[in-house]
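Topology and contacts: notes
Here's the letter readout for the chains.
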Amino acid sequence: MEYNFKEIESNWQTYWAKHKTFAAKDGGDKPKYYVLDMFPYPSGAGLHVGHPLGYIASDIVSRYKRHKGFNVLHPMGYDSFGLPAEQYAIQTGQHPKITTENNIAVYRKQLDKIGFSFDWDREVRTSNPEYYKWTQWIFIQIFNSWYNKSTNKAEPIETLIKVFETKGFNCKLDDTLTGDIEKDLEPFTGEEWKAFDEKKKSDILMNFRLAYLGESVVNWCPALGTVLANDEIKDGVSERGGHPVERKLMKQWSMRITAYAQRLLDGLDALDWTDSLKEAQRNWIGKSEGTSLKFTIHSSDKTIEVFTTRPDTVFGVSFVTLAPEHELVESLTTADNKATVEAYVTQAKNRSERERQADINKITGVFTGSYVDHPFTGKQVPIWIGDYVLAGYGTGAVMAVPAHDSRDYSFAKHFGLPILEVVKGGDLEKESYDAKEGTLVNSDFLNGLEVKNAVKLAIQEIEIHNLGKGKVNFRLRDAVFGRQRYWGEPIPIYYKNDIPYALAENELPLVLPEVDKYLPTEDGEPPLARASSSWKYKGEFDYEHSTMPGWAGSSWYFLRYMDAHNGSVFADKKLTDYWQQVDLYIGGSEHATGHLLYVRFWTKFLKDLGYIDIEEPAKKLINQGMIQGRSNFVYRVNGTNKFVSTGLKKDYETSALNVDINIVNNDVLDVEAFKKWREDFKNAEFILEDGKYVCGFEVEKMSKSKFNVQTPDDIAEKFGSDTLRLYEMFLGPLEQSKPWNTNGITGVHGFLKKLWRLFYSPLPGGEGQGEGINVVDAEPTKSELKTLHKTIKKITEDIERFSFNTSISNFMICVNELTDAKCNKRAILEPLLICLSPYAPHIAEELWKQLGHTESISTVAFPDFNEAHLVDDSINYPVSVNGKLKFTLELPATLTAQEVETEVMNNEQTKKLLEGKQPKKVIVVHKKIVNMVV
RNA sequence: GCCCCGGUGGUGGAAUUGGUAGACACGCAGGACUUAAAAUCCUGUGUCUUCGCGGACGUACGGGUUCAAGUCCCGUCUGGGGUACCA
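All values reported here derive from a predicted model rather than from experimental measurement.

1. A closer look at the sheet that holds strand S1 (residues 32-37)
- Strand order in this open sheet of four strands is S2-S1-S20-S21, and the pairing throughout is parallel. Edge positions in the sheet fall to strand S2 (71-73) and strand S21 (618-623), since each of these pairs with one other strand and no more. Along the sheet, successive strands turn relative to each other by an average axial angle of 20 degrees, direction set aside.
- Inspection of the sheet shows S1 paired to strand S20 (residues 582-587) by three bridges, in the parallel sense. Paired with aspartate 37 across the two strands is isoleucine 586, which belongs to S20.
- Here helix H2 (residues 51-67) sits on the sheet in contact with S1, S2 and S20, set at roughly 170 degrees to S1.

2. Brief notes about the state of the cysteines
- This structure, assessed with the given rule, holds zero disulfides.
- Here cysteine 814 stays unpaired: no disulfide links it, and the sulfur of cysteine 835, its closest cysteine neighbor, is 8.3 Å away.
- Cysteine 814 sits in the buried class, given a relative accessible area of 1%.
- No disulfide involves cysteine 823; its sulfur sits 8.8 Å from the nearest other cysteine sulfur, which is in cysteine 814.
- A relative accessible area of 0% places cysteine 823 in the buried class.

3. What to know about the side chain of threonine 576
- Here threonine 576 shows up in helix H18 (residues 573-579).
- What threonine 576 contacts, discounting residues up to four positions off in sequence, is Leu559, Met562, Ala571, Tyr611 and Ile612.

4. Quick notes on the pattern of salt bridges
- Summed over all chains, the structure comprises 40 salt bridges.
- Across the pair glutamate 817 and lysine 790 runs a salt bridge whose closest N-O atoms are separated by 3.2 Å. In this pair, glutamate 817 sits in helix H25 (residues 804-820) while lysine 790 sits in helix H24 (residues 782-800), placing the two residues 27 residues apart along the sequence.
- Of the residues examined, lysine 790 reaches a relative accessible area of 27% and is grouped as partly exposed.
- Salt bridges sharing common partners tie together Arg263, Arg600, Lys604, Lys607, Asp608, Glu615 and Glu616.

5. Observations concerning unusual backbone geometry
- Of note, the bond from leucine 508 into proline 509 is cis; its omega dihedral lies within 30 degrees of zero at -5 degrees.
- As for its placement among the helices and strands, proline 509 is situated in the loop between strand S19 (499-502) and helix H16 (551-554).
- The phi angle at aspartate 444 is positive, at roughly 50 degrees, despite the residue not being glycine.
- Here aspartate 444 is to be found in the loop between helix H14 (406-415) and helix H15 (451-464).
- Look at lysine 538: it is not a glycine, yet its phi comes out positive at around 50 degrees.
- Relative to the helices and strands, lysine 538 is located in the loop between S19 and H16.
- You can call lysine 538 exposed: its relative accessible area is 63%.

6. Here we look at the side chain of serine 432
- Among the secondary structure elements, serine 432 is positioned in the loop between H14 and H15.
- Owing to a relative accessible area of 12%, serine 432 belongs among the buried residues under this scheme.
- At 3.2 Å, the side chain of serine 432 forms a polar contact with the backbone nitrogen of serine 406.
- Engagement of the side chain of serine 432 in a polar contact is seen with the side chain of aspartate 434, the distance being 2.7 Å.
- For serine 432, the residues in contact, after removing those within four places along its chain, are Pro402, Ala403, His404, Asp405, Ser406 and Tyr409.

7. Some thoughts on the pairing of strand S14 (residues 380-386)
- Taken across its seven residues, S14 has six buried, putting it largely inside the fold.
- The pairing of strand S12 (residues 319-322) with S14 spans three bridges and is classified as parallel. Each residue of the ladder has a partner; that of threonine 321, found in S14, is tryptophan 384.
- In this sheet, S14 lies alongside strand S13 (residues 365-373) in antiparallel orientation, the contact comprising six bridges. If you follow glycine 365 over to S14, its bridge partner there is glycine 386.

8. Description of the nonpolar core
- Phe139, Met255, Phe481, Trp602, Phe759, Phe804 and Tyr839 are the most contacted members of the largest nonpolar core, which has 171 residues in total.
- What tyrosine 839 contacts, discounting residues up to four positions off in sequence, is Ile60, Arg725, Leu726, Ile795, Ile799, Phe804, Ser807, Ile808 and Phe811.

9. So, the packing of H24 against helix H26 (residues 826-836)
- Between H24 and H26, the shortest axis-to-axis distance is 10 Å and the interhelical angle comes to 10 degrees. Viewed along their axes, H24 and H26 adopt a mutual orientation that is roughly parallel. Here H24 and H26 pass one another in a crossing that is left-handed. Of H26, the residues touching H24 (which contributes Glu784, Leu785, Leu788, Thr791, Ile792 and Ile795) are Ala827, Ile828, Pro831, Leu832 and Cys835.

10. Remarks on helix H6 (residues 157-167)
- Of all the residues in H6, the buried ones are Ile157, Leu160 and Phe164. Viewed along the axis of H6, the buried residues span an arc of 60 degrees, placing them on a single side of the element. Among the exposed residues of H6, those oriented more than 90 degrees off its buried face are Glu158, Lys162, Thr166 and Lys167.
- On the buried face of H6, the contacting elements are strand S3 (145-148), strand S4 (153-156), helix H7 (190-195) and helix H8 (198-206).
- Just beyond H6, the residue with positive phi is glycine 168, at close to 75 degrees.

Calculation notes
Residues numbered from 1 in each chain as written. Chains lettered and ligands numbered in written order. Predicted model: local features only at pLDDT ≥ 70, side-chain atom pairs only at ≥ 80, totals over all residues. Heavy atoms only, no water. Pairing = 2+ DSSP bridges. Helix = DSSP H or I, 4+ residues; strand = E, 2+ residues; numbered from the N terminus. Axes fitted to C-alpha atoms, helices over the stretch in contact; angles between N-to-C directions. Contact = heavy atoms within 4.5 Å. Disulfide = S-S within 2.5 Å. Buried < 20%, exposed > 50% of the residue type's maximum accessible area, 1.4 Å probe, protein only. Salt bridge = Lys/Arg side-chain N within 4 Å of Asp/Glu carboxyl O. Polar contact = N/O pair within 3.5 Å; in protein donor to acceptor, adjacent residues only side chain to side chain. Core = buried A, V, L, I, M, F, W, Y, C linked by side-chain atoms within 4.5 Å. Parallel < 35°, antiparallel > 145°, perpendicular 65-115°, else oblique. Left-handed = near helix turned anticlockwise from the far one by under 90°. Arc of directions from axis to C-beta.

What follows is the structure, given as structure tokens:
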């Protein structure tokens, strides 16, 4: 009987769907295990071979954990709001909903074909009103909350209002309250608060709400008519479409993620995520400790506040630089300099991101004509304007210490400003000395101190003289939350008398209205402004017209899977308490500073308000690598229709052409297929090497135009999805990026065929047994047991450490050994099938059934290995054990175990190393190598 | 520039805590079966040297620690990813 994967696979996929084999139960005695994949955006191109890489890995773990007795939750869904469907709608007029549904249908079909053990009853789609009702609900909770610094968590806004009513507010005194207090909110008393009108109260509270409407500089893309996040911009143009992006001040909905900066940073330590990913988040949050410091403007009582991490270098300040957008620029500019300064500021403002990128090394700046007094020396220090200072970070002003900061150094060199050395150790003729070590000089009371101590003393002095305060700054910015787009969740806000109000819970969902066109209106309003005039709150008040960004729906979806159909809460507390954190999360590293930060933020927020009990969404996270395309090339001899094989091309003048990888096998071109591929190659001639045409190759991104796109469907069609699953895992370590190539696919496919033959071969029973499985109940031999238990042990360890490629090697070794031993014994083959079933579930199920079992193999317990079967007869020691003292001895290979021990103990080298101590254990790893625990 | 991760045969990659480097697979070469092909099976395959037994070298490069280094330490080269004037 042949291995007929097509029939087997479709039969079992039908069986699993019909019996709901993988439905997760909410509760029970078994321990829970939650395996989550980052859900895909259903694009029009369908699934390519890169998608399933992570899904296969998570599916292996899910199936393994089920065998191991866990109650496994392994769901899948779609991140179905997004720009491509909207762009398509703009071009064709087709509703994004239709496009999205069509794409999802294709994805689902492709996913089903691979045989994943998803619990499809829990599917979520972020664009379904039943889902985004709760995205909107969470938004409202965030809107109705503020961050209390003294309790270090988010609280309902009512508690803040109570504070205002009783104590009023003074930002200079009360730093337990966060918000935009730099804006110098006017202080008020409790009585005054009560007397404020509703608009005034709303405006004040807006400074504290965690979702707020605020003025912020945004990346505005005129071509797309929308605001883009930093991660949606590459090289100064929009990632999608490559349109130019401007910086623009706009009133925008934002999320006060900065309130959580410290907790987002601290939480990383306890997470089992890769170092590079945690590092990326740390850099993104960008904590820097330093101090604020005020410089008084000469002959004025106004001050300029700067932030510095190097207060120790304060005596090296030779000028102060303001960002062009700084609010004091105008008032500081003297009449003589007015024209140049204005010209500079205008130019800097209009300089797009791209231009700034292009001349990053070009130093520009102007002098204002004004001075500040140095806070310690009292000397006059000039005030400059330079666009290397960013308005958005710190205070938008820096104290320039050219001797010890490379940017200040270039600026000073360029404009001929003084460079004063205050830390010894560098050569200031050549470059600045930025290192945070050395001895302070020319620095009054700091002289002779090491940098570390000087920093401390400087902060002390600054605080004593009331010049500033030790301070922590974060690079992390609040996240802009509004998008001027159609295909997203409507923000559940309406405006009455110019005051924004949140919808009540029973008014949700606020359903996305129909529009005639998906473009912004002529006067720049978002597409939702095109909705019919009846789309108003209570028929009267305007709704917010912007929609939520792509990351909104994905910031809490892991919770919805726990209770996917609940109409009365986002997820029942009982269920979130049961399922807790995601135990294993698998997805791409491109989400390091986007999705993975936002989902942590929302999780912490929901915990603060008591809706869930976990602080972090995912305990362990693995980034699967990217799969690149592997293109093939043919080389046409210039000016002819002759093609030369790659090994001989150096003898000719050639040009390379991409060739369809489907007519190339292991880099060998199917010459006849090539002639048929394109009309102009009909009469092609070939210069062959060894009778073959060998193509060149290159690793590139997968793309239609390079003819190198591999869909999983082709492989599944040709070899079956068990082969696809094995092969994707066999390609290399999960986390590594690698080019896709099918060169080795015959290897894993051959393995499955070999396995099949193990069950069907006419072994001991003799020839002519006819159709039917040929497995016997005989007692296994010692060496057969060793093969099996060795394999179980390795597979178990491999899965536990996510090393799927090596486990497949171990299966191959096992099957090779059993084939050599002509072993067809039930006691060996059955446990082996169970081990294999997470990897190649269809064939495992089929053979399991053929062996006479009626239940699905996925319900069977994973076999345990027995250490006793692993012991080698010739050496009576465990094969490897932890040993502190390890050394090599040259011993004759013929010794028995007892003789080895005697020989080891009598050996001169051993005696020397032991120094008279008695070893607790002697382990012979190999006949030559001895490990001892002393 | 800064941060992170890598560099092992012709190829993808093994080597879990420092302990027989190159498992497993691809490719290649030779052979068996076959009229032939496909499929399948067997043998060989790091480099140099040797008829052979064997020997020497070998994990990017240069040093070091150790009885023992792909693995640890220092320096150099190099590939990939992240980030970008963050004071």
